[in-house]
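Coordinate inspection notes
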Amino acid sequence: MIDQTLWDKCVAFHGHRCPGLAIGVKAAAIALDFFMDDITDEDHPGITCTSSTSKCPSDGIRCVLGIDDGTGLTVAEKEGELCFDFARGGKHIILTTLPGKHGLSAEENIVRILMGRDQDIFDIKTRY
Ligand SMILES: [Zn+2]
């Protein structure tokens, strides 16, 4: 579940609410949680990300992790499901979106993503 304050901050950063932003915020929040024990400075968590898209999801990652293109974020455009490879100190958590539900409105999709269980939204792999 994503904290409302964090979501509002990311919507302000991105300029609109959209399912893509929700995907990025969710992915970055999962990564933060995964690396939690290694993070000493919450304002600079030191997590890098390789994202398969430069679009809306990457803004969620920029906002949550405080990184940007060239300063922790690398965009490697790829077709197909979205993939985010988060790394810190040689550890990786790699999230790939699972196929979404059909017939949902954008708003329903945002709720599904933000409130859903991590494993219902992403295929999650870790590498050490
Ligand atoms: Zn968007």
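Heads up: the structure comes first, above all this text.
Definitions and limits used
Residues numbered from 1 in each chain as written. Predicted model: local features only at pLDDT ≥ 70, side-chain atom pairs only at ≥ 80, totals over all residues. Heavy atoms only, no water. Donors = N, O, S within 2.8 Å, 3.2 Å for Na, K, Ca; no water. Tetrahedral: all angles 85-135°; square planar, octahedral: opposite > 155°, others 65-115°. Pairing = 2+ DSSP bridges. Helix = DSSP H or I, 4+ residues; strand = E, 2+ residues; numbered from the N terminus. Contact = heavy atoms within 4.5 Å. Axes fitted to C-alpha atoms, helices over the stretch in contact; angles between N-to-C directions. Salt bridge = Lys/Arg side-chain N within 4 Å of Asp/Glu carboxyl O. Buried < 20%, exposed > 50% of the residue type's maximum accessible area, 1.4 Å probe, protein only.

1. Some points on the coordination of the zinc ion
Looking at the metal site, the zinc ion is ligated by His14 (NE2), His16 (NE2), Cys18 (SG) and Cys56 (SG), spaced 2.1 to 2.3 Å from it. If you look at the zinc ion, its four donor atoms make angles of 93 to 133 degrees with each other, and the shape they trace is tetrahedral. Mapping the donors of the zinc ion onto the primary sequence yields the spacing H-x1-H-x1-C-x37-C.

2. Side note on the sheet that holds strand S1 (residues 48–51)
Strand order in the open sheet made by the six strands is S2-S3-S1-S4-S5-S6, with mixed pairing throughout. A single partner strand is all that each edge strand has here, and the edge strands are strand S2 (68–69) and strand S6 (122–127). Sheet topology note: the S1/strand S4 (residues 83–88) ladder contains four bridges and is antiparallel. In the strand pairing of S4, Ser51 is matched with Phe84. Where helix H2 (residues 19–35) meets the sheet, it contacts S4, strand S5 (91–97) and S6, and its direction lies at approximately 155 degrees from that of S5.

3. Structural notes on the pattern of salt bridges
In this structure the tally under the stated criterion is eight salt bridges. Across the pair Lys26 and Asp118 runs a salt bridge, and its minimum N-O distance is 3.7 Å. Of this pair, Lys26 sits in helix H2 while Asp118 sits in helix H5 (residues 118–121), and the two are 92 residues apart along the sequence. Judged by its relative accessible area of 1%, Lys26 falls in the buried class. The salt bridge involving Asp69 is made with Arg62; its shortest N-O contact spans 2.8 Å. Residue classification places Asp69 among the partly exposed positions, given a relative accessible area of 43%. Three or more residues are tied together by salt bridges with common partners; here these are Asp59, Arg62, Asp68 and Asp69.

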